[in-house]
Amino acid sequence: VGVAFSGPALCIVAVLCWSLRVLAELHDIFEMFMSLRSIPWEGRSCVQPSADGSMVHFAAICTPRRVWIVFILLVRITICAALWIYGTLFLIHYSIEPADLVLNAVALEIVMNVDEGFFVLAPHTVKALFDKLAPLPRPPRITWKGLDCASLVLSVSMVAWLALHIHQFIIPQAVRVAAAKSTLCDGDLDFIYAVDPFFFVYSANTGSIRTNETVEVFRQAIMELMYPDTVMTRNLSSTLSGSFGTAVQAVGENVANLQLRPSLSAEESLAMLQLMNWEVSGCSDMFNSAVLITMQEVAKAFHLNNTPWDCEALSSLCTVSSQVVAVCPVTCGCNLPIAPLLLTSADFGCPNECFTDPLLWSTIETLPCVEKTPEELRADEYWPRWATQLHRQAVTSFGRYPEQIEFVCNAGNGDCALSMLKMGCGFIDRWNTALRYMTQYDDLDLCLGTIRPGEVLLKPLGPMCPITCGCLNATEEEAKAKRCPGTCADL
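The present account deals with the structure reproduced in this document.

What counts, and at which threshold
Residues numbered from 1 in each chain as written. Predicted model: local features only at pLDDT ≥ 70, side-chain atom pairs only at ≥ 80, totals over all residues. Heavy atoms only, no water. Helix = DSSP H or I, 4+ residues; strand = E, 2+ residues; numbered from the N terminus. Buried < 20%, exposed > 50% of the residue type's maximum accessible area, 1.4 Å probe, protein only. Contact = heavy atoms within 4.5 Å. Areas by Shrake-Rupley, 256 points an atom, 1.4 Å probe, with all protein chains shown as cover. 1 Å grid on protein atoms, 1.4 Å probe; cavity = no way out; pocket = protein on both sides within 12 Å on 5 of 7 lines; lining within 4 Å. Points joined across faces, edges and corners; volume = space filled by probe spheres on them. Nonpolar A, V, L, I, M, F, W, Y, C, P; charged D, E, K, R; others polar. Expected span 1.5 Å × (residues − 1). Pairing = 2+ DSSP bridges. Patch = residues over 30% accessible without salt bridge, like charges linked within 9 Å, V, L, I, M, F, W, Y side chains within 5 Å. Salt bridge = Lys/Arg side-chain N within 4 Å of Asp/Glu carboxyl O. Phe/Tyr/Trp six-rings, centres within 6.5 Å; stacked < 30°, edge-to-face > 60°. Lys NZ or Arg CZ within 6 Å of the ring centre and 35° of its normal. Arc of directions from axis to C-beta. Disulfide = S-S within 2.5 Å. Axes fitted to C-alpha atoms, helices over the stretch in contact; angles between N-to-C directions. Parallel < 35°, antiparallel > 145°, perpendicular 65-115°, else oblique. Left-handed = near helix turned anticlockwise from the far one by under 90°.

## Quick notes on the overall build of the chain
Looking only at helices and strands, one finds 16 helices and 11 strands in the chain. When burial is assessed residue by residue, the chain has 36% of its 491 residues classed as buried. For the chain, the proportion of contacts with a sequence separation of at least 24, taken over those separated by at least 6, is 58%. Of the roughly 27000 Å² of accessible surface on the chain, a fraction of 62% belongs to carbon and sulfur atoms.

## Concerning the layout of surface pockets
There is about 1300 Å³ of room inside the largest pocket. In terms of lining residues, the largest pocket is bounded by 34 residues, among which Met32, Arg76, Phe119, Phe130 and Leu133 are the most central. At the level of elements, helix 1 (3-38), strand 3 (56-62), helix 2 (63-93), helix 4 (114-118) and helix 5 (124-132) are the ones that each hand at least two residues to the lining of the largest pocket. Residue contributions to the lining of the largest pocket peak at eight residues, all from helix 1. When the residues that make up the lining of the largest pocket are grouped by side-chain class, the tally is 23 nonpolar, three polar and eight charged.

## Observations regarding helix 12 (residues 383-398)
The periodicity of an α-helix, 3.6 residues per turn, causes residues three or four positions apart to be oriented the same way. Here helix 12 spans 22 Å end to end across 16 residues, near enough to the 22 Å set by a 1.5 Å rise per residue. Within helix 12 the residues assigned to the buried category are Trp383, Trp386, Ala387, Gln389, Leu390, Gln393, Ala394 and Phe398. Packing partners of the buried residues in helix 12 comprise helix 11 (374-378), helix 13 (402-408), helix 14 (416-423), helix 15 (426-439) and strand 10 (450-452).

## Describing the sheet that holds strand 1 (residues 41-42)
The three strands lie next to each other as 1-3-2, forming an open sheet whose pairing is mixed. In this open sheet, the two edge strands, each paired with only one partner strand, are strand 1 and strand 2 (46-49). Summarising the sheet, strand 1 and strand 3 pair through two bridges and their orientation is parallel. When the sheet's bridge partners are listed, Glu42 is paired in strand 3 with Cys62.

## Points about the pairing of strand 3
Pairing between strand 2 and strand 3: four bridges, direction antiparallel. Bridging from a neighbouring strand, Cys46 pairs with Ala60 of strand 3. Hairpin connection from strand 2 to strand 3: six residues lie between these consecutive antiparallel strands, with Gly53 at a positive phi of about 80°.

## Considering a nonpolar patch on the surface
Taken together, Leu10, Val13, Val102, Val106 and Ile110 make up a surface patch of nonpolar side chains, about 400 Å² in accessible area. Counting only elements with at least two residues in the nonpolar patch, the list comes to helix 1 and helix 3 (98-112). With three residues, the single largest contributor to the nonpolar patch is helix 3. Looking at the secondary structure, you find Ile110 in helix 3. Exposure remark for Ile110: the relative accessible area of 54% places this residue in the exposed category.

## Regarding the packing of aromatic side chains
Scanning all chains against the criterion turns up seven aromatic pairs. Judged by centre distance (4.3 Å) and plane angle (25°), the rings of Trp84 and Trp161 are stacked. A residue pair is termed long-range when its members are at least 10 positions apart, and Trp84 in helix 2 and Trp161 in helix 6 (residues 149-185) qualify at 77 residues. Per residue, the accessibility class of Trp84 equals that of Trp161, and both read buried. On the basis of an interplanar angle of 40° and a centroid distance of 6.4 Å, the ring pair of Trp383 and Trp386 is categorised as tilted. Note that Trp383 and Trp386 are positioned in helix 12 at a spacing of three residues, about one turn of the helix. The exposure class of Trp383 is buried, given its relative accessible area of 1%. The cationic tip of Arg430 hangs over the ring face of Phe407; the distance from NZ or CZ to the ring centre is 4.9 Å. In this structure, Lys480 is placed above the aromatic ring of Trp361, and the distance from its NZ or CZ to the ring centre is 5.8 Å.

## Topic: helix 3
The end-to-end C-alpha separation of helix 3 is 22 Å, in line with the 21 Å expected for 15 residues at 1.5 Å each. The complete set of buried residues in helix 3 reads Leu101, Asn104, Leu108 and Met112. Buried residues along helix 3 cover an arc of 85° about the axis, so they all sit on one side. Every exposed residue of helix 3 that faces more than 90 degrees away from the buried side is listed here: Ala99, Leu103 and Ile110.

## Some thoughts on the state of the cysteines
Applying the stated criterion across every chain, the model contains nine disulfides. In this model, Cys311 is linked to Cys328 through a disulfide, with the two sulfur atoms separated by 2.0 Å. Here the disulfide of Cys311 and Cys328 is left-handed, its torsion about the S-S bond being about -80°. Here Cys328 lies in the loop between helix 9 (322-327) and helix 10 (358-366) and Cys311 lies in the loop between helix 8 (292-301) and helix 9, a separation of 17 residues in the sequence. Residue Cys311 shares its accessibility class with Cys328, and that shared class is buried. The disulfide that involves Cys369 links it to Cys488, with 1.9 Å between the sulfurs.

## Overview of the pattern of salt bridges
Under the defined criterion, the tally for this structure stands at six salt bridges. Where Arg21 meets Glu109, a salt bridge forms, and the shortest distance between an N and an O atom there is 3.1 Å. You can see Arg21 sitting in helix 1 and its partner Glu109 sitting in helix 3, a full 88 residues away along the chain. Between Arg378 and Glu375 there is a salt bridge, with its nearest N and O atoms 3.7 Å apart. Here Arg378 and its partner Glu375 are both found in helix 11, three residues apart, which amounts to about one turn of the helix. The partly exposed category is assigned to Arg378, whose relative accessible area is 38%. For Glu375, a relative accessible area of 51% gives the class exposed.

## Things to note about the packing of helix 2 against helix 3
Between helix 2 and helix 3, the least distance of the axes is 10 Å, while the angle of their chain directions is 160°. Classed by the angle they form, the pair helix 2 and helix 3 counts as roughly antiparallel. Where helix 2 crosses over helix 3, the two elements pack in a sense that is right-handed. Residues Leu83, Gly87, Phe90 and Leu91 of helix 2 pack against Leu101, Asn104, Ala105, Leu108, Val111 and Met112 of helix 3. Among the residues forming the contact of helix 2 with helix 3, the class breakdown is eight nonpolar, two polar and no charged.

If you want it as structure tokens, here you go:
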């Protein structure tokens, strides 16, 4: 038997053996019914010894016992039918390997013999009665040329059962298993891949790799050309896909030169995305055909359907999806001192090039050195969004210790967004003092955008709160770090 047929064939044999075992049990139950009919009905049950005294037999069975026996036999029929159905499906669907088929068939045989095991617990008198009990009488069988009715019914039932399950279950299951094997094992498997911090997948062709080579192919990125129907160009050198597993292709000669390293950092990932953007480079939106399918999947995840597929259409996701920020950094405001997006580090999708973008610093130079009141900030276009994002980041950083969040954001009873809206720029001093007290790090400052030691994760709040951040008396270096409005130097 061929390899492709051995699994289905063995499954059919296992189902056949199981069906014969169940049919044998059903035949015994049928014989018990027929024997019960031949025993006389009396007011009391009577057991009499045989002529030689070596055996005993039922001379009569009373009506209550007869009813109880019939009930037990009906229960046995129900259990047998259920075991036949579910046991067959168990063999078909839970026995992919041939060895599993054998083990599962043996397991079903054990289930069928459970009642024999429980009989060990029966009283000694019951066991002694069964040992001496003569075979029950049975009325004559109806036969035709040696074939009795019970054998005919059981044979037809077995053939019909096998035919039904071969057509409805075994053949479709074999087709599904073959399809799964093809999906997992067919195609070009000579590739390397890895996922970056934004769940983009990078891949590259490796050529043929022999097992005796020490190349660590699991170290690096890219989903590779296993799906030829998605190829856009013959000069394809890399593949880009999203975390939803839909492959799309991108061109970029530098991508093929990825070195084998443990992982890509956020900065390296964003630099690679920008290299893939063949239209422009640096801090720029790169919404093109290379990322279209991925962005469509991101939009669907946030229930944005049937929209024009461009960065402007996805701008509402800038504050919740680092993938959108990585692809649309300009639309999301990575290169602006004041924009809806507060979390603007590379970890959240903004390329490092955006922090040196001339537009950023030219905008800072023209900002007014004015600090709004809490009431004005609550009505501001951006401050409420910043408050929401800061609270979300606080939960991410201190979520395991809610008492810390409550300590830092006590004005809002543990809600940092509410505290920030209530206190306005005054919230900066409260946040800085509390966070420095808890962590013992003196360089944590919302004016600098640092909420973790040594990392600028947020937009510095100097442009929005220049007075609280000390922009009026800041040195040139401090003013640059806090992104203080250029007009503050003139006051």
